Each structure stands twice: as structure tokens, then as C-alpha cells.
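Listed below are the residues making up each chain.
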Amino acid sequence: MDLLIIQPSPFCNIDCSYCYLPERSNTNKIKPETVEKLIKRVVEANLIEDQITIVWHAGEPLAVPLIYYRQYFDIINANAPPDVKIKHSIQSNGMLITQEWCDFIKENNISIGLSIDGPEFLHDKNRVTRAGKGTLKKALQGANLLQKNNIRYHIISVITAEACNYPDEIFIFFKDLGVQYLGLNFEEVEGGNMSSSLQNGRSDNVYAFLSRLYELQEQNDHRLVIREFLNSKQSIIGNPFAENYKINEEMRFNHQSTPYAIISVDYEGNFSSFSPELLGQKSERYGDFALGNVYIDSFEDALNSIKFKLINDDIQSGISRCKSSCEYYAVCGGGAPSNKYYENGSFDSAETLFCKLSVKIPTDIVLSKLEKELAVLC
């Protein structure tokens, strides 16, 4: 297992227009005893090797009072093997960051990411309060407080069709903010978000958008690293010296199609694997995507369930389709099951809008640049 994703609460303090999550008004919190049961299940299943990354995600993690996290962290430290390195990560909208949170983040060496979509006219179009008001000013207050405390953070930005018209404005905004690492999440058809502004032939706009961002990144000497270009470059040339460099036959290791490479757990102790976005969603074919509950089921038993076999067989069949039909297979290892399910109606499918925008186009841009550099050398 590489990632353990824990949902401290499904509640979110804002109401983004493109959010895929259900139960965003549910204020229930994960109980300390649920965290304890979870860690004990993970340990007894021998799912932890020398280190584990625990991501606190889904809803707004900081909406859960800090006193709970102190309990959660103490329980995890008490029940994890003593020789295991534990890394914690939080993805937040940034609006609830306080000095007390900054102290806790530094004390525990927590990696934190903020969800910000760019300049106010883009961010406040979709990332709004429940009263419909913009959230950027409050998010930037949180970002500034992190900076004052010398806490590095990364950004994940949702890119809509409108945002693709403003590559310069987006790049300059994040550069001036001092961001060093930026991830681009192109608006997806997923869960409760049943449509995307990027559907219906918008890929040319995305290509122009990403090409311009790549130019700006180079002009800035790559001081602002864009995740999609970094991933594409590493997939093309590899990095055999990296600790997490894994190749399975000729394909890049795909966490989202590998059972228990990622485990996601909700506030009630229900757990799933594969794409984290599947947890909490409903399905006619599978009922839901929960493989079990930590109070009742061991991780080993869940692998023997009929539901797991049905889900895994469909996912692996879809991976085989990608392998036999797509020239980008070695880059992504078969794509994300959640995107296949929500875009194509089945795990047993291949290309998705996510593939085109987040994998194929960045790879084409990076490959073209590398080819030109090699041509000059030759």
C-alpha cells in the first residue's frame, strides 16, 4: 500500500459547482476508535512496508477541529509499527487555516496542498460559499499564513473550458503567489458532477492552453513546476534513481488499477480501493464501491468477496483494452478506473476525456520539446 486516504468528515464549508462528492452537508466526524480499528486492520494485513503516506481528504479536512487530529495522530503513532515512517498530507481549500493549524502542521511535518483555481474572476466563478459568495480572498489569507510560517504548499487547480482562455493570467497569478508546484485537474465527469465544460471537442483549446503554460514554465526556468509536464517527462525518460520508480513489465505502475495500492476509508470505516473518487458513490452494477468496513471485515477477507472480484475483473479488462489499443499505455498504465466508469459507463473500457487532456496532450507537448532538443544536439 502506498496511500491510505482517510475521510475525517464528508462535510465541506464551501459549495464548488464542479464537486463530485456526496454528503457535503454531513457534519459527522470519523471517531478515534474507527481510526484505531483501521490502523490495526492495516497492520494485521501486512499492508505497510517501510513507509506509508496518509492523506486526509474528502470534504474539507480542516473543518474537523484540531483536537480530533491530535487524537488521530496519537492513535496512529501508537498502533503503527515503530520502524515505519509515517507521512501525513492534507488537501484543503485554505479558508480555515489558523496559526494553531500552522503550528500543528510544522510540528508533524505535514505536507499541505491548497485548492485554488487562479485569479479571482476564475476562482470565484466556481469555488463559492453556500451563499454563493467568492472564496479566493479567504483562501489567500490561509496561503499567506502558511508562507509567514515558512510552510511550503502545493496547489491543485481545477481547469474549466473558460480557464483555458487565460494561460498567462493563471501562470502569472501562481508565480506571483510564490507557488513552486502546480497540479492541473481538468474538470471531470465524475460522481455528482455529471458534465464537464470541456466535453464536446474542446481538446484544441486545451492543447493551446497547455502549450502556452509549458512556454511560460520554461521562460521561468521551471521554478514553477507543473505536475502534468513533470509526470509526462518522467514517464518518457524514466527516473531509475527515484525510490518510487516501479515498472511492471513494460508499463508504468498504475496505483489506481492495483488492489490496495490505494486504500480509501470514510468516516464510518467503510473502505474501498482503486480510484479514491469511487468511495461513497453508488452504482447499479456494484451496489456501491465499498469493499467492507473495518469494524466487520479484514482487508484479506474483502479480497475474496464477490464484489471485489466483479470490480477488479472489470478494471483489469479495461486495462487490457488500453494496453492493446493505446500508444500512450506505457505512460499511464491504463488510466483511472473512476473516469472510465463515469465517462464511459464501465470500468471495462478504454479512452476517456481525462486521458486526452491530462495524459495525452501533456505527453505530446513534452515529447515534441524533447525531440527538438535532441535534434539540436544531433
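Residues numbered from 1 in each chain as written. Predicted model: local features only at pLDDT ≥ 70, side-chain atom pairs only at ≥ 80, totals over all residues. Heavy atoms only, no water.

Undergrad: Hey, could you run me through the overall build of the protein chain in this one?
TA: Tallying secondary structure elements over the protein chain gives 13 helices and 14 strands in all. Here the C-alpha radius of gyration of the protein chain, 20 Å, is about what a compact globule of 378 residues would show, namely 21 Å. C-alpha atoms of the protein chain, sized along the principal axes, occupy 60 × 50 × 40 Å. Here the protein chain, with 378 residues, has 52% of them falling under the buried criterion. When contacts within the protein chain are restricted to residue pairs at least 6 apart in sequence, those whose partners lie at least 24 apart make up 70%. (Helix = DSSP H or I, 4+ residues; strand = E, 2+ residues; numbered from the N terminus. Rg over C-alpha atoms; globule rule 2.2 N^0.38 Å. Buried < 20%, exposed > 50% of the residue type's maximum accessible area, 1.4 Å probe, protein only. Contact = heavy atoms within 4.5 Å.)

Undergrad: Honestly, the side chain of aspartate 314 in this entry has me stumped. Any pointers?
TA: Inspection of the secondary structure assignment puts aspartate 314 in helix 10 (residues 306-325). A distance of 2.7 Å separates the side chain of aspartate 314 from the side chain of arginine 285, its partner in a polar contact. (Polar contact = N/O pair within 3.5 Å; in protein donor to acceptor, adjacent residues only side chain to side chain.)

Undergrad: Looking at this structure, how should I read the pairing of strand 3 (residues 85-92)?
TA: It is a general feature of regular strands that their side chains alternate between the two faces of the sheet. With 6 bridges joining them, strand 2 (residues 51-56) and strand 3 adopt parallel strand pairing. The residue bridging tryptophan 56 from the neighbouring strand is isoleucine 90, located in strand 3. Bridge analysis of strand 3 against strand 4 (residues 111-115) gives 4 bridges, and the strand direction is parallel. Residue pairing across strands places glutamine 91 opposite glycine 113, the latter belonging to strand 4. The parallel pair strand 3 and strand 4, bridged by helix 3 (residues 99-107), forms a crossover whose chirality is right-handed. (Pairing = 2+ DSSP bridges. Right-handed = clockwise from strand over helix to strand, strands pointing away.)

Undergrad: How do you make sense of a nonpolar patch on the surface when you look at a structure like this?
TA: Taken together, the side chains of Ile236, Ile237 and Leu367 present a nonpolar region at the surface, about 230 Å² in accessible area. Along the chain, leucine 367 turns up in helix 13 (residues 353-377). Its relative accessible area of 33% is what places leucine 367 among the partly exposed residues. (Patch = residues over 30% accessible without salt bridge, like charges linked within 9 Å, V, L, I, M, F, W, Y side chains within 5 Å. Areas by Shrake-Rupley, 256 points an atom, 1.4 Å probe, with all protein chains shown as cover. Salt bridge = Lys/Arg side-chain N within 4 Å of Asp/Glu carboxyl O.)

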